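Residue-level listing of the chains:
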2 protein chains.
Amino acid sequence: MGMITEEEKIKTRKKILEASKKMFVEKGFEKTNLRNIAGEIGIGVSTIYGYFSSKQEIFIATFFSDLKKMDDVDYGIRSMDYGSLNLDNLSELLTFLFMFHFEEINKLDKDILKQFYCSFYLAEEIKEKEKTIASWEEGLKKKIMEILKNCEENNVFLLPINLGEATEVIYIIYESQIEDYIMKKSLTKENSRIKIKRLIKLFLLGKVKVKTSYDEFMKMFNKLDSN
Amino acid sequence: MGMITEEEKIKTRKKILEASKKMFVEKGFEKTNLRNIAGEIGIGVSTIYGYFSSKQEIFIATFFSDLKKMDDVDYGIRSMDYGSLNLDNLSELLTFLFMFHFEEINKLDKDILKQFYCSFYLAEEIKEKEKTIASWEEGLKKKIMEILKNCEENNVFLLPINLGEATEVIYIIYESQIEDYIMKKSLTKENSRIKIKRLIKLFLLGKVKVKTSYDEFMKMFNKLDSN
């Protein structure tokens, strides 16, 4: 009997997640069981228990394995010309940020997402859950915060704003639209995009200048001219 | 065999709901079944099916039977002096409106609420669901809208605002805090109240005057003086 190395463990965990994901998508959550998954990759059910404590835990880990990668993407947030931002294009930017993250969620079928949503709420003691949701949510909030901070430093806001709370309201707007999207069959991605932009714009209304100032306009104009 | 009158039907339906509510609260959703409920009021299970198609449908109907009554409450919204509203007391008013509705939800145990939340999302074809959620949500939105409309007519807003969308953002803020309250054991009602007021205030920041104007102050002052 050989020792199982750390590397082999990571490999097996990945195999379990891949096989499970395939089955959840093909058969749905209800009809998938640990025996199927174990059979698919030629291991025993007891081996799976070495990695996950339940089907629900695997489901959640599967779902979030993609989402974790988003943290390092920059989306051009850092190199942007914040001085030229106004109500409309800041709302656009924050909507774009959301759509980018949303793509990952959107890879899954709506019914699978719905199932996930509920199993997630019902799951009490899932360590994986806390880590992954926190990771996705915090990752997205960090990006929102980064944008808002840059806005503050570039005098985009007309008045002092609590950036943490502003991040939260924007995140709440995102979240409400994800939920609507998942729960209402007829809603498309484009519906969600339009709605999110409108609500974010309304939130920022009165806090951000509506038009680009003459100076900033000239700066942009000169930039275009010199190209 | 006698005919069942409309009146008797309403009575039986009410009896089923009352017995079910008691059982859901005592035993939880999982351990309650239609046989228990039928036994409790001395009818056959098949009779229950004449009123509800599943345990889930009863659960949802039970939960919302209280919430429907809120529609007619005024909370003093109509008689309020809108001219004297500013950022702080308008946020307070909108928070109060929420807390009033929240009381109804808060009568139930958090675990029951959590169960409800999930069974609600999973339920596909429940007529009762659509009617009751719509009724509660729309009732609350109507009140928010009424407050905002009064604000608009009394020049509380500094700029033109889409009242429908503003209602939606405020409702989303409410909703996010209900969800947090239900899902996080440690959160108290008071935590939710404070958070909601802060987020609503941030939303209104830049859209509503911060201080009461001198004229309005004098009007209030004179009112106090003449009493």
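The shown structure was predicted, so the numbers you read here are calculated from the model rather than taken from an experiment. (Residues numbered from 1 in each chain as written. Chains lettered and ligands numbered in written order. Predicted model: local features only at pLDDT ≥ 70, side-chain atom pairs only at ≥ 80, totals over all residues. Heavy atoms only, no water.)

Details of the packing of aromatic side chains
Line of reasoning, step 1. Inspection of the entire model under this criterion finds 4 aromatic pairs over all chains.
Line of reasoning, step 2. Across the ring face of phenylalanine 203 of chain A, the terminal group of lysine 207 of chain A is positioned such that the distance to the ring centre comes to 4.7 Å. (Phe/Tyr/Trp six-rings, centres within 6.5 Å; stacked < 30°, edge-to-face > 60°. Lys NZ or Arg CZ within 6 Å of the ring centre and 35° of its normal.)

Things to note about the UniProt feature "DNA-binding region" (unreviewed entry) in chain A
Line of reasoning, step 1. Annotation from UniProt places "DNA-binding region" (unreviewed entry) at residues 33-52 of chain A.
Line of reasoning, step 2. In residues 33-52 of chain A, helix accounts for 65% and strand for 0%; the two terminal C-alpha atoms are 13 Å from one another. (UniProt positions renumbered as here; feature names shortened; annotations may be inferred. Helix = DSSP H or I, 4+ residues; strand = E, 2+ residues; numbered from the N terminus.)

A look at helix H2 (residues 34-41) of chain A
Residues and elements named next belong to chain A.
Line of reasoning, step 1. For H2, every residue scored as buried is listed here: Leu34, Ile37 and Ala38. The arc that holds the buried residues of H2, viewed along the axis, is 95°, so those residues lie on one side. Along H2, exposed side chains directed more than 90 degrees from the buried face belong to Arg35 and Gly39.
Line of reasoning, step 2. Measuring from the backbone nitrogen of arginine 35 back to the side-chain oxygen at the start of H2 gives 3.0 Å, which picks out asparagine 33 as the cap.
Line of reasoning, step 3. The first or second residue beyond H2 is glycine 42, which carries a positive phi of 65°. (Buried < 20%, exposed > 50% of the residue type's maximum accessible area, 1.4 Å probe, protein only. Arc of directions from axis to C-beta. Polar contact = N/O pair within 3.5 Å; in protein donor to acceptor, adjacent residues only side chain to side chain.)

Quick look at the relation of the copies chain A and chain B
Line of reasoning, step 1. Expressed as a screw transformation, the operator carrying chain A onto chain B has a rotation angle of 180° and an axial translation of 0.0 Å, and the superposed copies differ by an RMSD of 0.1 Å. Given the turn and translation reported, the copies of this chain are related as if by a two-fold rotation axis. Closest to the rotation axis within chain A is the C-alpha of glycine 206 of chain A, separated from it by 2.2 Å.
Line of reasoning, step 2. Comparing contact sets, 100% of the residues at the interface of chain A also lie at the interface in chain B, consistent with an isologous, same-surface contact. (Least-squares fit on C-alpha atoms with pLDDT ≥ 70 in both. Contact = heavy atoms within 4.5 Å.)

Section: the interface of chain A and chain B
Line of reasoning, step 1. Between chain A and chain B, the contact holds 30 residues from the first and 31 residues from the second.
Line of reasoning, step 2. Both sides together, the interface formed by chain A and chain B hides about 2,700 Å², and carbon and sulfur atoms give 63% of it.
Line of reasoning, step 3. Between the two partners, chain A and chain B, sit 4 salt bridges.
Line of reasoning, step 4. Lysine 195 of chain A is the partner of glutamate 168 of chain B in a salt bridge, and the nearest nitrogen-oxygen pair spans 2.5 Å.
Line of reasoning, step 5. Breaking the side of chain A that touches chain B down by element, the ones donating at least two residues are helix H6 (110-122), helix H8 (163-183) and helix H9 (189-204) of chain A.
Line of reasoning, step 6. Broken down by element, the residue count for the side of chain A that touches chain B peaks at 10 residues, all from H8 of chain A.
Line of reasoning, step 7. Class assignment of the residues belonging to the side of chain A that touches chain B gives a composition of 17 nonpolar, 5 polar and 8 charged. (Buried area = accessible area lost by both parts, 1.4 Å probe. Salt bridge = Lys/Arg side-chain N within 4 Å of Asp/Glu carboxyl O. Nonpolar A, V, L, I, M, F, W, Y, C, P; charged D, E, K, R; others polar.)

So, the packing of helix H8 (residues 163-183) of chain B against helix H9 (residues 189-204) of chain B
Residue and element names in this part refer to chain B.
Line of reasoning, step 1. Contact geometry of H8 with H9 gives a least axis separation of 10 Å together with a crossing angle of 155°. When the axes of H8 and H9 are compared, the pair comes out roughly antiparallel. The two elements H8 and H9 meet at a crossing, and its hand is right-handed. Contact residues: H8 offers Ala166, Val169, Ile170, Ile173, Tyr174, Gln177 and Tyr181, while H9 offers Lys189, Ser192, Lys195, Ile196, Leu199, Ile200 and Phe203.
Line of reasoning, step 2. Tallied by class, residues from the contact of H8 with H9 come to 10 nonpolar, 2 polar and 2 charged. (Axes fitted to C-alpha atoms, helices over the stretch in contact; angles between N-to-C directions. Parallel < 35°, antiparallel > 145°, perpendicular 65-115°, else oblique. Left-handed = near helix turned anticlockwise from the far one by under 90°.)

Considering the packing of helix H1 (residues 6-27) of chain A against H2 of chain A
All names here are of chain A.
Line of reasoning, step 1. Between H1 and H2, the least distance of the axes is 9 Å, while the angle of their chain directions is 125°. Relative to H2, the element H1 lies oblique. The crossing of H1 and H2 is right-handed. Listed contacts from H2 to Lys15, Ile16, Ala19, Ser20, Lys22, Met23 and Lys27 of H1 are Asn36, Ile37, Glu40 and Ile41.
Line of reasoning, step 2. Of the residues in the contact of H1 with H2, the class split is 5 nonpolar, 2 polar and 4 charged.

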